[in-house]
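Take a look at the letters that make up each chain.
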Amino acid sequence: MAYSRAYLDVAMTRTTDKLLRMRLMNFVALVVYHTLQVSANGVNIPLTSADVNGEVVVSGVIPRETPARATGSTRIEFPISETRQPTPVADEPADRRQLGLAFGWLEIGPAAG
């Protein structure tokens, strides 16, 4: 299966493990949710998901031992198993973006204990 890759680079200290949490708002196909993966600087982050007040919240721990990038930032990467172009609207030119997953929010903070 070919994957599209989305990522964001974040500055964070490496003195403690970090908890990555994100609320999923939408995905183009159920397979995107079932195959969701996240990595930090190439290290796979095991994920858990939970229903929190009717919303899907996914979380995983980024170990403090995750190797640093040369820039000092941490690259959080999301390989997406299926993407689609938005449905064209008559008044709008063709939107060529490939979308697969939408987050309501994403946060990184200290991991508990």
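Residues numbered from 1 in each chain as written. Predicted model: local features only at pLDDT ≥ 70, side-chain atom pairs only at ≥ 80, totals over all residues. Heavy atoms only, no water.

Right, let's get into the sheet that holds strand β2 (residues 18–27). The four strands lie next to each other as β5-β6-β2-β8, forming an open sheet whose pairing is antiparallel. This sheet does not close on itself; its edge strands, each paired only once, are β5 (48–52) and β8 (101–110). Averaged over all pairs of adjacent strands, the angle between strand axes in this sheet comes to 25 degrees, irrespective of strand direction. As paired elements, β5 and strand β6 (residues 55–62) share five bridges and run antiparallel to each other. The partner of A50 across the bridge, within β6, is V57. (Pairing = 2+ DSSP bridges. Helix = DSSP H or I, 4+ residues; strand = E, 2+ residues; numbered from the N terminus. Axes fitted to C-alpha atoms, helices over the stretch in contact; angles between N-to-C directions.)

Our next topic: the pattern of salt bridges. The tally for this structure, following the rule as stated, stands at six salt bridges. Among the ionic pairs, E107 bridges to R21, the shortest N-O distance being 2.7 Å. Placement of the pair is E107 in strand β8 and R21 in strand β2, with a sequence separation of 86 residues. Classification of R21 as partly exposed rests on a relative accessible area of 25%. In this structure, the salt-bridge partner of E55 is R23, at a minimum N-O distance of 3.6 Å. Pair noted here: E55 is in strand β6 and R23 is in strand β2, with a separation of 32 residues, a long-range link. The class of R23 is buried, set by a relative accessible area of 18%. Three or more residues joined by partner-sharing salt bridges are found here, namely D9, R69 and R75. (Salt bridge = Lys/Arg side-chain N within 4 Å of Asp/Glu carboxyl O. Buried < 20%, exposed > 50% of the residue type's maximum accessible area, 1.4 Å probe, protein only.)

What follows deals with the packing of aromatic side chains. Note on aromatic pairs: each is described by the distance of the centres and the angle between the planes. Evaluation of the coordinates by the stated rule reveals one aromatic pair. A centroid spacing of 5.1 Å and a plane angle of 50 degrees characterise the contact between F78 and F103, whose relative ring orientation is tilted. Taken as a pair, F78 in strand β7 (residues 74–80) and F103 in strand β8 lie far apart in primary sequence, 25 residues in all. Residue classification places F78 among the buried positions, given a relative accessible area of 3%. The class of F103 is partly exposed, set by a relative accessible area of 28%. The ring of Y7 carries R75 above its face, with NZ or CZ at 3.7 Å from the centroid. (Phe/Tyr/Trp six-rings, centres within 6.5 Å; stacked < 30°, edge-to-face > 60°. Lys NZ or Arg CZ within 6 Å of the ring centre and 35° of its normal.)

If you trace the backbone, G42 turns up in the loop between β3 (39–40) and β4 (43–44). It is 12 Å that separates the C-alpha atoms of G42 and D9, two residues lying 33 residues apart in sequence.

Within the open sheet, the four strands sit side by side as β1-β7-β3-β4. Their pairing is antiparallel. Taken across any chain shown, the strands that pair with only one partner, and hence form the sheet edges, are β1 (4–10) and β4. Examined bridge by bridge, β1 and β7 share seven bridges and lie antiparallel to one another. Paired with A6 across the two strands is F78, which belongs to β7.

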